[in-house]
Each structure stands twice: as C-alpha cells, then as structure tokens.
Amino acid sequence: MGYDNSELAAIGERFNTESLLEWSGLIALAARQDLPRLKPRGITEKVLAEIEAARGQVRNLNVAQEREKKDVSTLTVTRREALEAAFDWREEVKGLAEAVFDSEPQTLARFRTGVKVSRSLPKLISEIAQLVGTAREHLAGLQGVGAGEKLVARGEDALARLEEAQRRQSDERGQTPAATAELLQAQGILYSRARFVTRIA
C-alpha cells in the first residue's frame, strides 16, 4: 500500500468505525459477486480475504478501544473544522484569482497549487501558506473585487488552525493508548484495501 503506520493512522482517523465496516463489507460483497470479471484485473480471492481479515481486525480493536475509554472525538472535530476552513478559503481565493487574473496566466498559475484535494495536514499547511503569500503579494489586484486584507487575514487564520490541529494531533497521538493507535492503523489498512478494489472495479 505504500503507507507507514503514521500515515495509515491519519487515514483511519477520518472514518467512523461502523460506517467503514459497512462500506468495506458492501465493497467486498459486490466484488465477490463480480469475481469472474474482476479476476483478470487482479481482484482475487486472496484480495477479498485480506479485506475480510482487515475487517475482523478493526472489529476486535474497536472493542479493545472501547474498553480503554479513550475519547479522541475532540481531536477529530478540531482537525475536521480546520480542514473545512482551509478548503473553503482555498476555493474562495482561487475563484477570485480566476476572475481577476484570467488574462495573466503566469500570475494565475501561482494560485493553482494542484488539482488533488489533500487531507494531509503537512501538505495542506504548505499549500495554504503558499496561497496566503501569493494572495498578499497580489493584494492590489484582489482589492479590485473587494478582497483585501480581510481575505489574507482569514487565510492566515485558516493556516493557524491547521498548524494547531497538527500540533494537537502530534501531542495526542503520542498519548494515545495502544489499542486506539492500532485501531486507527487498522482502519487505514482496511480503507486502503477496499479502496484498491473500487479503483480496479
């Protein structure tokens, strides 16, 4: 899958356990029913067995995590809200740049930081920091459509919230009980395996 344990945990943290189990179960069931067509594409009984094994691991670790009674919801909410604020600001500033700099392709290209929406905090922090700097550099042009210092300030606020979420994630992950950390990693593995099937199918 190409992910280390911290990356798997970051992926797994995004999902509700029961919803992930239900979704992955439906994916595995659909793939099993369509196995003759999918086998030439690399979806084999072994692949489906690995998904079922991952689902079993998530179930078992979820029980252990409940026993530990460690609530990670505050961190999850903080991260989700920081991501949403950053995504909203990013789309706003890109839309304004499209309107203002449509005849300046070199300038416009600096506002286009990529087509993929990354949920990785380090990557998003880098992207938002770049956009904040670009927006400040071209503030005179953006002011022509009513976007001034307040736009940049909201970008800086979104950046600060991302950095705080990353700091808390690092701090709290270091304090996370073993079963919770293992559950998040297992959920990351399960999602990656089920997602592989959906991409191939």
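Structure: see above.
As a starting point, this report considers the structure included with it. Not measured: the values here are computed from a predicted model. (Residues numbered from 1 in each chain as written. Predicted model: local features only at pLDDT ≥ 70, side-chain atom pairs only at ≥ 80, totals over all residues. Heavy atoms only, no water.)

## Regarding the side chain of Asn62
- Among the secondary structure elements, Asn62 is positioned in helix α4 (residues 45-68).
- In contact with Asn62, not counting residues within four places along its chain, are Thr17, Glu18 and Leu183. (Helix = DSSP H or I, 4+ residues; strand = E, 2+ residues; numbered from the N terminus. Contact = heavy atoms within 4.5 Å.)

## With respect to the nonpolar core
- By size, the foremost hydrophobic cluster in this structure holds 27 residues, and its most contacted members are Ile128, Leu142 and Leu162.
- Elements supplying a minimum of two residues to this core: α5 (73-100), α6 (105-111), α7 (121-137), α8 (139-143) and α9 (149-175).
- With residues up to four places along the chain from it excluded, the contact list for Leu162 reads Ala82, Leu83, Ala86, Leu121, Leu124, Ile125 and Ile128. (Core = buried A, V, L, I, M, F, W, Y, C linked by side-chain atoms within 4.5 Å. Buried < 20%, exposed > 50% of the residue type's maximum accessible area, 1.4 Å probe, protein only.)

## Digging into the environment of Leu159
- As for its placement among the helices and strands, Leu159 is situated in helix α9.
- Judged by its relative accessible area of 13%, Leu159 falls in the buried class.
- For the pair Leu159 and Ala129, spaced 30 residues apart in sequence, the C-alpha to C-alpha distance is 6.7 Å.
- Sequence-distant contacts of Leu159, that is, excluding residues within four places in its chain, are made with Ile125, Ile128 and Ala129.

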